[in-house]
Amino acid sequence: MKQDLFNQFASRKRQGRKSFSVLIDPDKVDSKSIDQIVNLSIDAKVDYFFVGGSLVISNHLDECIQMIKSQCDIPVVLFPGSPSQVSKYADALLYLSLISGRNPELLIGQHVISAPFVKMSGLEIMPTGYIVVDGGAPTTVSYISNATPVPADKNEIAMCTAMAGEMLGMKLIYMDAGSGAKRPISEAMIQKVSTHIECPLIIGGGIIEPEKAYKNCKSGADIIVVGNAIEKEPSLIKEMSAAVHSVSVSA
Ligand code: 1GP
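In what follows, the accompanying structure is described. Predicted model only: the values in this text are computed from it and were never measured. (Residues numbered from 1 in each chain as written. Predicted model: local features only at pLDDT ≥ 70, side-chain atom pairs only at ≥ 80, totals over all residues. Heavy atoms only, no water.)

**What about the pattern of salt bridges?**
Counted only if it meets this: Here, a salt bridge means any side-chain nitrogen of Lys or Arg that lies within 4 Å of a carboxyl oxygen of Asp or Glu. Think of it this way: any DSSP run of H or I at least four residues long counts as a helix, any run of E at least two long counts as a strand, and we number them from the N terminus. Relative accessible area decides the class of each residue, using a 1.4 Å probe on protein chains only: under 20% of the type maximum gives buried, over 50% gives exposed, and in between gives partly exposed.
Here the structure, examined in full by the defined rule, presents eight salt bridges. Here Arg12 ties to Asp47 by a salt bridge, and the two come within 3.0 Å at their closest N and O atoms. Placement of the pair is Arg12 in helix α1 (residues 4-14) and Asp47 in the loop between α2 (31-43) and β2 (48-51), with a sequence separation of 35 residues. Relative accessible area serves as the criterion here: at 9%, Arg12 is assigned to the buried category. A relative accessible area of 13% means that Asp47 is categorised as buried. Here Lys13 and Asp222 are joined by a salt bridge, their closest N and O atoms 2.8 Å apart. Residue Lys13 is found in helix α1, and its partner Asp222 is found in the loop between α8 (210-218) and β8 (223-226); the two are separated by 209 residues along the sequence. Residue classification places Asp222 among the buried residues on the basis of a relative accessible area of 5%. What you see here is one network of salt bridges that share partners, running through Lys13, Lys18 and Asp222.

Following this line, the structure appears as structure tokens:
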């Protein structure tokens, strides 16, 4: 199995280098906005594009990724909200198991159904323990997953969930307050989780200020994902990326 991008994530973590990822929801972009986001991302030295959404209504996932790929070398990682969101044009796929929930379909059921198709895609598969944290209001992911998120102040639950995920073999942990969350994940929770796992920790959901991205990295996040805020204000890409990259282990 390919591990190029995972090796890159892991080596960046070892070096204390933080990464910034722009989330693109194919439903919310057109060719003009993709152009704009890609150009701003190249200038801002964005590390990755995550592409996907809890609900992808349109069917231009392939087209969207091809458009990104034709303009830059920034790796594209699929962040699928459903098994149908697989595109051979991406570089890798976050193979998400919703370990914070108790919905067997999202823990293993959909994976069983989509396994042959996912394997055939030839994509790098990144086994990811996905932990949804209460973001202060129901989000698409909390509704669609039909699973209770981790309460925002229960740091120990998040910590034990991440530890269990890692010991079960997950290569990445993604903690998400959900797209457009009112309240992003607290630094205390990020710190608690990051000090108890060794694998790269991805944090997203409701991050709208560069200062918050910076604090998350200082608390132990390795990759920061921002979607909504950038859709509203693409120029934020520059500040967000600079804030994330300004954090290093020795800082
Ligand atoms: C959502 O983590 C991502 O799954 C990003 O969230 O759109 O709120 O930035 P936002």
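**Focus: the environment of Leu93**
Quick note on the threshold: By definition in these notes, contact holds between two residues if any of their heavy atoms fall within 4.5 Å.
Assignment of secondary structure puts Leu93 in strand β4 (residues 92-98). By relative accessible area, which is 3% here, Leu93 ends up buried. C-alpha of Leu93 to C-alpha of Ile131: the two residues are 38 residues apart in sequence and 17 Å apart in space. Excluding its chain neighbours within four sequence positions, the residues that come into contact with Leu93 are Leu78, Pro80, Gln85, Val86, Val118, Leu123, Glu124, Ile125 and Met126.

**Comments concerning the packing of α2 against helix α3 (residues 61-71)**
Formally: Geometry is summarised by axes, namely lines fitted to C-alpha atoms with helices restricted to the contacting stretch, and by angles between N-to-C directions that run from 0 to 180 degrees. Comment on the angle field: the value is read as roughly parallel under 35 degrees, roughly antiparallel over 145, roughly perpendicular from 65 to 115, and oblique elsewhere. Helix crossings are classified by the rotation of the near helix relative to the far one: an anticlockwise turn of less than a right angle makes the crossing left-handed, while a clockwise turn makes it right-handed. Classes in brief: Ala, Val, Leu, Ile, Met, Phe, Trp, Tyr, Cys and Pro nonpolar; Asp, Glu, Lys and Arg charged; the others, Gly included, polar.
One way to put it is that α2 packs onto α3 with a least axis distance of 10 Å and a crossing angle of 40 degrees. The pairing of α2 with α3 is recorded here as oblique in orientation. For the pair α2 and α3, the crossing hand works out as right-handed. Counted together, Ser31, Ile34, Asp35, Val38, Asn39 and Ile42 of α2 and Cys64, Met67, Ile68 and Gln71 of α3 form the full contact between these two elements. Tallied by class, residues from the contact of α2 with α3 come to six nonpolar, three polar and one charged.

**Regarding the site of the ligand**
Basically, it comes down to this: By convention in this text, a residue qualifies as near a molecule or strand provided that one of its non-hydrogen atoms is within 4 Å of it. Residues adjacent in sequence count toward polar contacts only when both atoms are side-chain atoms; beyond that, a polar contact is any pair of N or O atoms within 3.5 Å, and within protein one must be able to donate a hydrogen and the other to accept it. Here, Shrake-Rupley sampling with a 1.4 Å probe gives the accessible areas, and only protein chains in the shown set may cover a residue. Any residue with an atom within 4 Å of a point lines the site, the site being either a cavity, points on a 1 Å grid over the protein atoms alone where a 1.4 Å probe fits but cannot get out, or a pocket, an open set with protein on both sides within 12 Å along at least 5 of 7 lines. For a cavity or pocket, the test is whether more than half of a molecule's atoms lie within 2 Å of its grid points; if they do, the molecule sits there.
Around the ligand, the structure places 13 residues, and the nearest of them are Asp176, Ser179, Gly180, Gly206 and Gly227. Interatomic distance of 2.6 Å between a side-chain N/O atom of Ser179 and an oxygen atom of the ligand. One nitrogen or oxygen atom from the main chain of Gly205 is found 3.2 Å from an oxygen atom belonging to the ligand. Expressed as a share of its isolated accessible area of 310 Å², the protein-covered part of the ligand is 96%. Put simply, the ligand lies in the largest pocket.

**Some points on the packing of aromatic side chains**
Definition in use: Planes of paired rings set the category: under 30 degrees apart is stacked, over 60 is edge-to-face and the rest tilted, where pairs are Phe, Tyr or Trp rings (Trp by its six-membered ring) whose centres lie within 6.5 Å.
According to the stated counting rule, one finds six aromatic pairs in the structure shown. For the pair Phe9 and Tyr48, a centre-to-centre distance of 4.8 Å together with 65 degrees between the ring planes defines the contact as edge-to-face. Linking Phe9 in helix α1 with Tyr48 in strand β2, this pair joins segments that are 39 residues apart in sequence. The burial state of Phe9 is the same as that of Tyr48; both residues are buried. Taking 6.3 Å as the distance between ring centres and 55 degrees as the angle between the ring planes, the aromatic pair formed by Phe50 and Tyr174 counts as tilted. Here the residue Phe50 occupies a position in strand β2, and Tyr174 occupies one in strand β6 (residues 172-176), the gap between them amounting to 124 residues.

**Observations concerning the layout of surface pockets**
For clarity, the cut-off: Grid points are joined across faces, edges and corners, and a volume is the space filled by probe spheres set on the points.
One number sums up the size of the largest pocket: a volume of about 930 Å³. Lining the largest pocket we find 49 residues, and of these Gly53, Ser54, Phe79, Gly81 and Tyr130 sit closest to its centre. Elements with a contribution of two residues or more to the lining of the largest pocket: β4, α4 (104-120), α5 (140-145), β6, β8 and α9 (228-232). Considered class by class, the residues forming the lining of the largest pocket number 24 nonpolar, 19 polar and six charged. Taken as a whole, the second largest pocket spans an internal volume of roughly 190 Å³.

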